[in-house]
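Below, each chain spelled out in residue letters.
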Amino acid sequence: MLFLASFSEFAEKILTLSYWEIMSDIHGGLSMFSLILFGCAITLYFSLDKFAKAFNWFKTVVVLLFTNIFLLNFMGMFIYRPYREKTDFSPRTILKASEETSWLHTIIFEHKEHLAFAPLIIMLVVAIIVVSQGKSLSSKPLLKRVVLFGIVTSLVYVLVVAAEAVLVTKTAPLR
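Thresholds, definitions, all that
Residues numbered from 1 in each chain as written. Predicted model: local features only at pLDDT ≥ 70, side-chain atom pairs only at ≥ 80, totals over all residues. Heavy atoms only, no water. pLDDT = per-residue confidence, 0-100. Helix = DSSP H or I, 4+ residues; strand = E, 2+ residues; numbered from the N terminus. Phe/Tyr/Trp six-rings, centres within 6.5 Å; stacked < 30°, edge-to-face > 60°. Buried < 20%, exposed > 50% of the residue type's maximum accessible area, 1.4 Å probe, protein only. Lys NZ or Arg CZ within 6 Å of the ring centre and 35° of its normal. Core = buried A, V, L, I, M, F, W, Y, C linked by side-chain atoms within 4.5 Å. Contact = heavy atoms within 4.5 Å. 1 Å grid on protein atoms, 1.4 Å probe; cavity = no way out; pocket = protein on both sides within 12 Å on 5 of 7 lines; lining within 4 Å. Points joined across faces, edges and corners; volume = space filled by probe spheres on them. Axes fitted to C-alpha atoms, helices over the stretch in contact; angles between N-to-C directions. Parallel < 35°, antiparallel > 145°, perpendicular 65-115°, else oblique. Left-handed = near helix turned anticlockwise from the far one by under 90°. Nonpolar A, V, L, I, M, F, W, Y, C, P; charged D, E, K, R; others polar.

Asks: Break down the confidence of the model for the protein for me, with residues and values.
Replies: On average, residues of the protein score 87 in pLDDT, and 94% of them are at 70 or above. Mean pLDDT per element in the protein: helix 4 (residues 91–97) is the minimum at 71, and helix 6 (residues 117–133) is the maximum at 97.

Asks: How would you explain the packing of aromatic side chains if you had to name every residue and give the values?
Replies: Per the counting criterion, the structure on display carries five aromatic pairs. Between Tyr45 and Phe46, the ring centres sit 5.0 Å apart and the planes meet at 90°, which makes this aromatic pair edge-to-face. Judged by relative accessible area, Phe46 falls into the exposed class, the value being 52%. Between the aromatic rings of Phe51 and Trp57, the centroid separation amounts to 5.3 Å while the plane-to-plane angle is 65°, which identifies the pairing as edge-to-face. Members of the aromatic cluster, connected to one another through ring pairs, are Tyr45, Phe46 and Phe58. When the ring centre of Tyr45 is taken as origin, the NZ or CZ atom of Lys144, which lies over that ring, is 5.4 Å away.

Asks: If you had to explain the nonpolar core to someone new, which residues and values would you point to?
Replies: Counting residues in each nonpolar core, the largest one holds 24 residues, and the members touching the most others are Phe38, Phe58, Val62, Met123, Val130, Val147 and Ile151. When contributions to this core are tallied by element, the ones reaching two or more residues are helix 2 (19–45), helix 3 (54–79), helix 6 and helix 7 (141–171). With residues near it in sequence (within four places) discarded, Phe58 still touches Ala41, Leu44, Tyr45, Leu48, Val130, Leu137, Val147 and Ile151. Grouped together as the second largest cluster of nonpolar side chains are 12 residues, Leu30, Leu95, Ile108 and Phe109 included.

Asks: For the layout of surface pockets, give the residues involved together with the corresponding values.
Replies: Taken as a whole, the largest pocket spans an internal volume of roughly 780 Å³. Taken together, 32 residues make up the lining of the largest pocket; nearest its centre are His27, Gly28, Tyr80, Ala162 and Ala165. Those elements giving two or more residues to the lining of the largest pocket turn out to be helix 2, helix 3, helix 5 (102–115), helix 6 and helix 7. When residues of the lining of the largest pocket are assigned to their parent elements, the largest contribution, nine residues, is made by helix 2.

Asks: Give a detailed account of the packing of helix 6 against helix 7, specifying residues and quantitative values.
Replies: Relative orientation of the contacting elements helix 6 and helix 7 amounts to 155°, with a least axis distance of 9 Å. For the element pair helix 6 / helix 7, the angle class is roughly antiparallel. Note on packing geometry: the crossing formed by helix 6 with helix 7 is left-handed. Facing helix 6, whose interface residues are Ala118, Pro119, Ile122, Met123, Val126, Ile129, Val130 and Gln133, helix 7 presents Leu143, Val146, Val147, Gly150, Ile151, Thr153, Ser154, Tyr157 and Val158. Per-class residue counts for the contact of helix 6 with helix 7 are 13 nonpolar, four polar and no charged.

Okay, here's the thing in structure tokens:
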């Protein structure tokens, strides 16, 4: 009975969320999922020579990770649209209204917008290498290190972009 009451309250609260809140929550969920995929990719990278199915799992995770980052960027172009609008009550206007917060838009937001495409491009290259080389990747140590470097570099970029997004949205949330 307690479960039904909790579920009922949960469903009621979910239905009161605005379009922007739902979209930004989905975007945040995709971001969290990318962190899980990064962890899986790094773990599987170090398992490539350890068991038979490791490469197939690794390839699947790398392709999923690229797809996830693509979806993050695609959704981000729409979700953060209010931060680019010049209307009276847009988050952009709220941020630029004060000298204390204007740097969040002119520096942090702009940096985040441009930096967000770097992991997409890097993971595209990583996915192409992994898919095209197949299991022979294990016999090419330099190329294998390039793949690891690409995954770790993309992870760092995603963490920076996520931190900048949180900084901006906590100051001027979507409504």
